[in-house]
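# Notes for the structure review
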Amino acid sequence: MSQMPQPTALTKCPICEWPLASDDRFCGACGHDLSLAPAPRPDHPTLTMNGAAGDTPPEAAAVDWPGARESGSAQPHAPAHVPTDIQGTDSGGGELPGPGRGVRFDRPSEPDEYPLAAPLPPDPRTTDLATPPAGTKLCVACRAGHVDHDGYCENCGHAQPRERDHMEQELGAVAAVSDRGLRHHRNEDAFAVSSTALPDGQPAVVAIVCDGVSSATRPDDASLAAARAANETLLESLPRGTHPQQAMHDAIIAASNAVNALADEPETAAQHAPHQNAPACTIVGSVVTPALLIVGWVGDSRAYWVPLDRSAPPARLTEDDSWAAQMVAAGLMNEAEAYADERAHAITGWLGADAYELEPHTASFKPDRPGVVVVCTDGLWNYAEAAQEMAEVVPLDAAERPLHCAQVLVGRALDGGGHDNVTVAVLPFPAPPQGAGSA
């Protein structure tokens, strides 16, 4: 029986140097046939296998090496020798250069100075960067590049967060928080909070919250224009002695006019697309005085009353202008059925040039106990729709920490999925004395 040729015993592949086992016939990495491996180079040991000395340079044979002391001998140790005590030779048998003989000093001379490498860019984490020129912003990512007019860093190209992606404001007697949410590419909500004084010196605290209609042109501009116009109107009319409920009605009319004006601007025509409506938004607002609580609204943004004494019932202060609310009012569906329908959030009232008919809703309340008013868009109440659900997520210290309360409520919406923009304003009732004064 013939035998297969036995490959040369190798420890690694001669082609790719892959480690080999003693019985490998082919390389496991590159597949090389190990039987074709070249014969190993001849070995020329200093001593032959039978112990006889090989060819040794005559100079090396003439060296008188000191003998080692035998083990257990009482003789003193052999004297130590340093390399310079022995005449060394190079590989050709010649004398080594240099005063040290056994040490080489033929390295190339080194320059007195070395050229310095170009400086690396400053580390933005540890370097105090110079203040950017007026009118420019530094990138929030690299903290080194300036942001161009398109909102991108000129250094690293990072897209910068929009100013309205997350906003917070606190005036002591009122606070508001607005967040873009987790699904929308921009924040189309807006708010305005302020405080002023009535003619008798009592404080009046104001909160306006607006939600842009996403299917309309420039919804973010519409909500911002409406919030500012309503707030400015209230700050003008309340100190003059206008009744807060009438002042709220007038503020909604002013907000509507501001949104209507956007429809005539060239920017609206430039952005208008098929199947889009004129700029539009919803609005809800509240005015709190020491004895009176006023709310006003158009659309489906809401206001809730949450008493500090949680044994007392909370309440929803507004009724939606929506398809679901109409179905419930007409007795065609109960509230659970109506708001489970995909048409539930189709609004029937809004601010905008193409609104069917503007019908501002206002209401006045005289609570018999302290509490807080929560003014919000549907980005929040979608996750706490009923008044009792809203009361359960409002912190117990909301009246003392309105900003913290607004932050908690926005966090509730984000934790729930953040499907929409979220805006919340919190007003303690009654209005505290420090609310007086223009803001």
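Values in this document were obtained by computation on a predicted structure and should not be read as measured data.

Moving on to the overall build of the protein. Check the secondary structure of the protein and you find nine helices and 12 strands. Burial statistics for the protein: of 439 residues in total, 37% are counted as buried. Partitioning the intrachain contacts of the protein with sequence separation of at least 6 by distance along the chain shows that 60% fall at a separation of at least 24. Split by element, the accessible area of the protein, about 25,700 Å² in all, is 53% carbon and sulfur.

Tallying each qualifying case throughout the model produces three aromatic pairs. With centroids separated by 5.9 Å and ring planes inclined at 80°, the aromatic side chains of tryptophan 305 and phenylalanine 429 adopt a geometry described as edge-to-face. One end of the pair, tryptophan 305, is in strand 7 (residues 302-307); the other, phenylalanine 429, is in strand 12 (residues 422-429), with 124 residues separating them in the sequence. Accessibility expressed as a relative area gives 9% for tryptophan 305, which makes it buried. Among the residues examined, phenylalanine 429 registers a relative accessible area of 5% and is labelled buried. Aromatic side chains tyrosine 339 and tryptophan 381 sit 6.2 Å apart centroid to centroid with 90° between the ring planes, which places their arrangement in the edge-to-face category. Within this pair, whereas tyrosine 339 is found in helix 6 (residues 335-340), its partner tryptophan 381 is found in helix 7 (residues 378-381), the two being separated by 42 residues in sequence. This pair shows no difference in class: tyrosine 339 is buried, exactly as tryptophan 381 is. The residue whose ring lies beneath arginine 302 is tryptophan 381, and the NZ or CZ to ring-centre distance is 3.4 Å.

Here the focus is the nonpolar core. Within the largest apolar cluster, 33 residues are counted, with the highest numbers of intra-cluster contacts made by Val374, Leu380, Met390, Val394, Leu409 and Val424. Examining the composition of this core, we find that six residues originate from one element, helix 9 (residues 402-416), more than from any other. Beyond its immediate stretch of four places on either side in the chain, valine 424 contacts Ala175, Ala176, Val177, Val374, Val375, Cys376, Leu380, Ala406, Leu409 and Val410. With 28 residues, the next largest nonpolar core counts Ala192, Ala225, Ala251 and Ala255 among its residues.

On to helix 3 (residues 244-262). Each α-helix winds once per 3.6 residues, and so residues spaced three or four apart point in a common direction. When the terminal C-alpha atoms of helix 3 are compared, their 27 Å separation across 19 residues agrees well with the 27 Å that a helix rising 1.5 Å per residue should span. Burial in helix 3 covers these residues: Pro244, Ala247, Met248, Ala251, Ile252, Ala255, Ser256, Val259 and Leu262. In this fold, the buried residues of helix 3 make contact with helix 2 (219-237), helix 4 (266-271), strand 5 (280-288), strand 6 (293-298), strand 9 (351-352) and strand 10 (361-365).

Turning to the side chain of aspartate 211, a few remarks are in order. Structurally, aspartate 211 can be placed in strand 4 (residues 203-212). It turns out aspartate 211 is buried and unbridged, and the closest side chain with the opposite charge, arginine 164, is 8.7 Å from it.

Within the fold, glutamate 392 resides in helix 8 (residues 387-393). Through-space distance from the C-alpha of glutamate 392 to that of arginine 310 is 8.9 Å; in sequence the pair is 82 residues apart.

As for its position among the elements, asparagine 257 is in helix 3. Asparagine 257 sits in the partly exposed class, given a relative accessible area of 47%. Spatially, the C-alpha atoms of asparagine 257 and leucine 351 are 8.4 Å apart, while their sequence positions differ by 94 residues.

Chain-level statistics for the protein give a pLDDT mean of 82 and a share of 73% at 70 or above. Within the model, pLDDT remains below 50 along residues 46-54, and this stretch shows four contacts once partners closer than five positions in the same chain are excluded. Here residues 99-106 scores under 50 on pLDDT; set against residues more than four positions off or in separate chains, the count is seven contacts.

What follows is about the pattern of salt bridges. Per the counting criterion, the structure on display carries 12 salt bridges. Note that arginine 218 is salt-bridged to glutamate 267, the shortest N-O span being 3.6 Å. With arginine 218 in the loop between strand 4 and helix 2 and glutamate 267 in helix 4, this pair connects stretches of sequence that are 49 residues apart. Taking the shortest distance from any N to any O, the salt bridge between aspartate 368 and arginine 369 comes out at 3.0 Å. Under the relative-accessibility criterion, arginine 369 is labelled partly exposed at 31%. A single salt-bridge network, built from bridges that share partners, covers Arg218, Asp221, Glu265 and Glu267.

Turning to the sheet that holds strand 2 (residues 175-179), a few remarks are in order. Strand pairs in the sheet, formed through backbone hydrogen bonds, run parallel or antiparallel to each other. Spatially, six strands are ordered 1-2-12-11-7-8 in an open sheet, and the strand pairing comes out antiparallel. A single partner strand is all that each edge strand has here, and the edge strands are strand 1 (166-170) and strand 8 (315-316). In this structure, strand 7 lies alongside strand 11 (residues 371-376), joined through six bridges in antiparallel fashion. Counted as the bridge partner of arginine 302 is cysteine 376 from strand 11.

The rules behind these values
Residues numbered from 1 in each chain as written. Predicted model: local features only at pLDDT ≥ 70, side-chain atom pairs only at ≥ 80, totals over all residues. Heavy atoms only, no water. Helix = DSSP H or I, 4+ residues; strand = E, 2+ residues; numbered from the N terminus. Buried < 20%, exposed > 50% of the residue type's maximum accessible area, 1.4 Å probe, protein only. Contact = heavy atoms within 4.5 Å. Areas by Shrake-Rupley, 256 points an atom, 1.4 Å probe, with all protein chains shown as cover. Phe/Tyr/Trp six-rings, centres within 6.5 Å; stacked < 30°, edge-to-face > 60°. Lys NZ or Arg CZ within 6 Å of the ring centre and 35° of its normal. Core = buried A, V, L, I, M, F, W, Y, C linked by side-chain atoms within 4.5 Å. Expected span 1.5 Å × (residues − 1). Lys, Arg positive; Asp, Glu negative; His and termini not counted. Salt bridge = Lys/Arg side-chain N within 4 Å of Asp/Glu carboxyl O. pLDDT = per-residue confidence, 0-100. Pairing = 2+ DSSP bridges.

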